[in-house]
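This is what each chain is made of:
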Amino acid sequence: MPESSYIPWIIKYRPKSLSDYVDQEEAKTILLNWLKAWDRGSPTKKAVLLYGPPGVGKTSLVEAISKEMNCEVIETNASDFRRREDIEKRIKPAATKMSLSGKKRLILIDEVDGLSGTADKGGIETMLELTSITKHPIIMTANNPFHPDLKPLRDASLLIELKKLNQRDVVKLLKGICEKEKIFCEDEALKIIHTKNEGDLRASINDLQNLGLSFGKVTASLVNELIYYRDREVNPFDTLRNIFTSKYAWQSKLAVSHSQVDIDTLIEWLSENIPVQLTEPEDMYLAFQALSRADIYRGRMKRTQNYDLLTYISEMVGPAISLSRKKTKFKWIKYEFPKKIRMMSETKKARESLNKAAAKIAKVTHCSRETVKSEYIPMLRALYKVNKTLATQIMEGLKLEDDEIRVIVGKSKESTENTEPSSTGPMNAEESLRKFETSTKKMGTRARKKRSQ
Ligand SMILES: Nc1ncnc2c1ncn2[C@@H]1O[C@H](COP(=O)(O)OP(=O)(O)O)[C@@H](O)[C@H]1O
Ligand SMILES: [Mg+2]
């Protein structure tokens with residue numbers, strides 16, 4: 001796989017110019033006019049508050065516009081509780097001085113929602129001061145600008161809303177990515193991805209990459225089976241990434257509790273992906289040790305029905321695993337679907353056919369489906385090997401459909417057209433059963449004879 005596949009597609013395919021940035025015409029126009037007013041030195045408001053739900057394209061619009069206008073962007077990227085300090089020390093000087101290069105300068109304060117609440121007391125006041133003294137345009141973004149704490153900032157800014165893109169545009173965008181990545185995709189699959197992610201384009205692109213790189217194709221059946229409705233919960237790929245990148249125990253605990261998958265499934269995912277992510281042997285060893293302990297607790301919890309143990313299991317799959325990463329540097333890698341889950345989904349149809357066949361045979365033989373699966377079906381399979389015509393006649397007599405016969409005899413069901421024609425014609429179920437029993441007895445005798453020879 002080429003190295004570039006490991007770049008998150010949400011970064012690789014970020015709009016490089018305004019023309020790559022789809023739709024949102026109204027927001028684009030207002031933003032451009034406001035920037036032009038700055039050029040004339042007469043903006044009515046010195047700051048813009050760009051708002052809309054997560055993944056709707058706020059940050060990428062600012063990036064696209066600044067590239068288009070060849071601006072220098074100064075942005076805050078300090079974590080929430082260091083925000084205020086960062087604004088005071090770095091952003092304020094940049095906002096109040098002219099740029100040395102003569103380039104236009106744009107100040108981006110991403111996700112100002114984080115400034116509300118108690119996490120960063122005084123953050124809002126600092127921002128307000130900044131908007132009044134700035135010599136350069138300030139763009140703030142927020143998911144929810146209507147938080148009461150943000151009122152003063154709202155009043156000081158020009159509000160621009162980004163609405164969710166419509167399905168047609170999103171499908172076109174996702175399709176374009178698949179074409180560039182040379183990955184087969186079905187339109188229907190892309191529509192479902194869009195619906196399941198409720199218009200969150202970042203999440204949709206992530207899902208597309210996860211499926212595309214794991215399966216080499218994005219089909220409706222894969223999406224239906226493997227992509228969960230977002231519901232603001234975290235899919236297993238991101239859960240793993242969150243666990244492996246957590247710096248603090250609480251972060252990895254949150255990663256586990258916000259996961260869409262249950263603990264059993266998460267253990268499968270971890271066991272598949274620990275060696276992929278934690279390439280340093282010592283880290284891998286520690287992580288597997290934690291995982292095996294989680295598995296022991298899980299077994300004990302199921303046996304004793306003592307669900308208090310769940311907390312310990314979460315500690316093991318969350319913090320204990322994230323703290324195992326001591327030497328390995330975090331790299332964005334493609335996680336694998338657990339083999340077990342993958343196999344279950346790929347063999348789902350076959351298992352259904354087998355169950356249907358077992359139900360039919362169970363009815364005639366008056367025994368359970370499990371007995372049919374463990375005794376009758378293997379015998380039918382064996383009979384098919386020695387006498388295809390007879391076995392097929394029997395199965396047809398038992399009214400088994402083609403898919404059921406195929407799953408019993410294995411993938412390589414050969415055509416019976418060229419085998420000897422039957423002299424007796426089609427059988428009914430009872431006859432088939434009798435024939436089956438006598439022939440399996442014969443096979444048994446033959447096998448015994450062979451063994452004793
Ligand atoms: N209008 C758009 N045209 C093209 N790509 C978009 C558009 N809106 C969003 N994206 C893509 O969706 C992803 C998420 O956008 P982002 O700007 O990070 O969202 P937000 O900042 O609102 O959470 C990015 O990878 C971006 O490339
Ligand atoms: Mg953003």
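In this report, we go over the structure that sits alongside the text.

Scoring rules and cut-offs
Residues numbered from 1 in each chain as written. Chains lettered and ligands numbered in written order. Predicted model: local features only at pLDDT ≥ 70, side-chain atom pairs only at ≥ 80, totals over all residues. Heavy atoms only, no water. Helix = DSSP H or I, 4+ residues; strand = E, 2+ residues; numbered from the N terminus. Buried < 20%, exposed > 50% of the residue type's maximum accessible area, 1.4 Å probe, protein only. Contact = heavy atoms within 4.5 Å. Areas by Shrake-Rupley, 256 points an atom, 1.4 Å probe, with all protein chains shown as cover. Pairing = 2+ DSSP bridges. Axes fitted to C-alpha atoms, helices over the stretch in contact; angles between N-to-C directions. Near = heavy atom within 4 Å. Polar contact = N/O pair within 3.5 Å; in protein donor to acceptor, adjacent residues only side chain to side chain. Domains from an automatic or database assignment. Salt bridge = Lys/Arg side-chain N within 4 Å of Asp/Glu carboxyl O. Parallel < 35°, antiparallel > 145°, perpendicular 65-115°, else oblique. Left-handed = near helix turned anticlockwise from the far one by under 90°.

Focus: the overall build of the protein chain
Then step 1. The helix and strand inventory of the protein chain stands at 21 helices and seven strands.
Then step 2. Within the protein chain, the fraction of its 453 residues that count as buried is 46%.
Then step 3. In the protein chain, the proportion of contacts linking residues at least 24 apart, taken out of those at least 6 apart, comes to 75%.
Then step 4. Of the roughly 24,400 Å² of accessible surface on the protein chain, a fraction of 53% belongs to carbon and sulfur atoms.

Re the sheet that holds strand β5 (residues 157-161)
Then step 1. In spatial order, the strands read β2-β3-β4-β1-β5; together these five strands make up an open sheet with parallel pairing. The outermost strands of the open sheet, each flanked by one partner alone, are β2 (72-75) and β5. Adjacent strand axes in the sheet meet at a mean angle of 25°, parallel and antiparallel pairs treated alike.
Then step 2. Here five bridges tie strand β1 (residues 47-51) to strand β4 (residues 138-142), and the two strands are oriented parallel to one another. Each residue of the ladder has a partner; that of Y51, found in β4, is A142.
Then step 3. Contacts from helix α4 (residues 83-96) reach β2 and β3 (105-109) within the one sheet, and its direction differs from that of β3 by about 170°.

Considering the site of ligand 1
Then step 1. Lining the immediate surroundings of ligand 1 are 19 residues, of which G55, K58, T59, S60 and R202 lie closest.
Then step 2. Here R14 contributes a side-chain N or O atom positioned 3.1 Å from an oxygen atom of ligand 1.
Then step 3. Within the side chain of R202, an N or O atom sits 2.6 Å from an oxygen atom of ligand 1.
Then step 4. Compared with its free state, where it exposes 560 Å², ligand 1 has 98% of that area covered by protein.
Then step 5. Every element with two or more residues in the shell around ligand 1 is listed here: α3 (58-68) and α9 (201-215).
Then step 6. In this structure, the shell around ligand 1 is formed jointly by two domains, domain 1 (24-161) and domain 2 (166-226), each of which donates at least three residues.

Examining the environment of T438
Then step 1. Within the secondary structure, T438 sits in helix α21 (residues 429-452).
Then step 2. A relative accessible area of 46% means that T438 is categorised as partly exposed.
Then step 3. A distance of 2.9 Å separates the side chain of T438 from the backbone oxygen of K435, its partner in a polar contact.

Considering unusual backbone geometry
Then step 1. At K182, a residue that is not glycine, the phi angle is positive and equals roughly 55°.
Then step 2. Inspection of the secondary structure puts K182 in the loop between α7 (167-181) and β6 (184-185).
Then step 3. The class for K182 is exposed, based on a relative accessible area of 74%.
Then step 4. The phi angle at E198 is positive, at roughly 50°, despite the residue not being glycine.
Then step 5. Within the secondary structure layout, E198 lies in the loop between α8 (187-196) and α9.

What about the side chain of Q277?
Then step 1. The topology assignment puts Q277 in helix α13 (residues 263-277).
Then step 2. Accessibility expressed as a relative area gives 3% for Q277, which makes it buried.
Then step 3. One polar contact links Q277 to Y335, side chain to side chain, over a distance of 2.3 Å.
Then step 4. Contact partners of Q277, with chain neighbours within four places excluded, come to F244, T328, F330, K331, I333 and Y335.

Considering the side chain of Q260
Then step 1. Tracing the backbone through its elements, the reader meets Q260 in the loop between α12 (249-257) and α13.
Then step 2. When its relative accessible area of 14% is taken as the criterion, Q260 is described as buried.
Then step 3. A distance of 3.4 Å separates the side chain of Q260 from the backbone nitrogen of N235, its partner in a polar contact.

Focus on the pattern of salt bridges
Then step 1. With the rule as written, the count across this model stands at 24 salt bridges.
Then step 2. Residue K339 is joined to E272 by a salt bridge in which the shortest nitrogen-to-oxygen separation is 2.9 Å. One end of the pair, K339, is in helix α16 (residues 339-346); the other, E272, is in helix α13, with 67 residues separating them in the sequence.
Then step 3. A relative accessible area of 58% places K339 in the exposed class.

A few points about the pairing of β4
Then step 1. Of all five residues in β4, five are buried; the element is thus mostly enclosed.
Then step 2. Alternating positions in β4 separate into two faces, I138, M140 and A142 on one and I139 and T141 on the other, with burial throughout.
Then step 3. Bridge count between β3 and β4: three bridges; the pairing is parallel. When the sheet's bridge partners are listed, I107 is paired in β4 with I138.

Describing the environment of K349
Then step 1. Locating K349 in the fold gives a position in helix α17 (residues 348-365).
Then step 2. Counting along the chain gives 54 residues from K349 to D403, while the straight-line C-alpha distance between them is 9.3 Å.

Remarks on the packing of α7 against α8
Then step 1. Between α7 and α8, whose axes approach to 9 Å, the crossing angle comes to 120°. When the axes of α7 and α8 are compared, the pair comes out oblique. Crossing handedness for the pair α7 and α8: right-handed. On α8, the residues that touch Q167, V170, V171, L174 and K175 of α7 are D187, L190, K191, I193, H194 and T195.

Interpretation note: all reported values are geometric properties and have no functional meaning in isolation.
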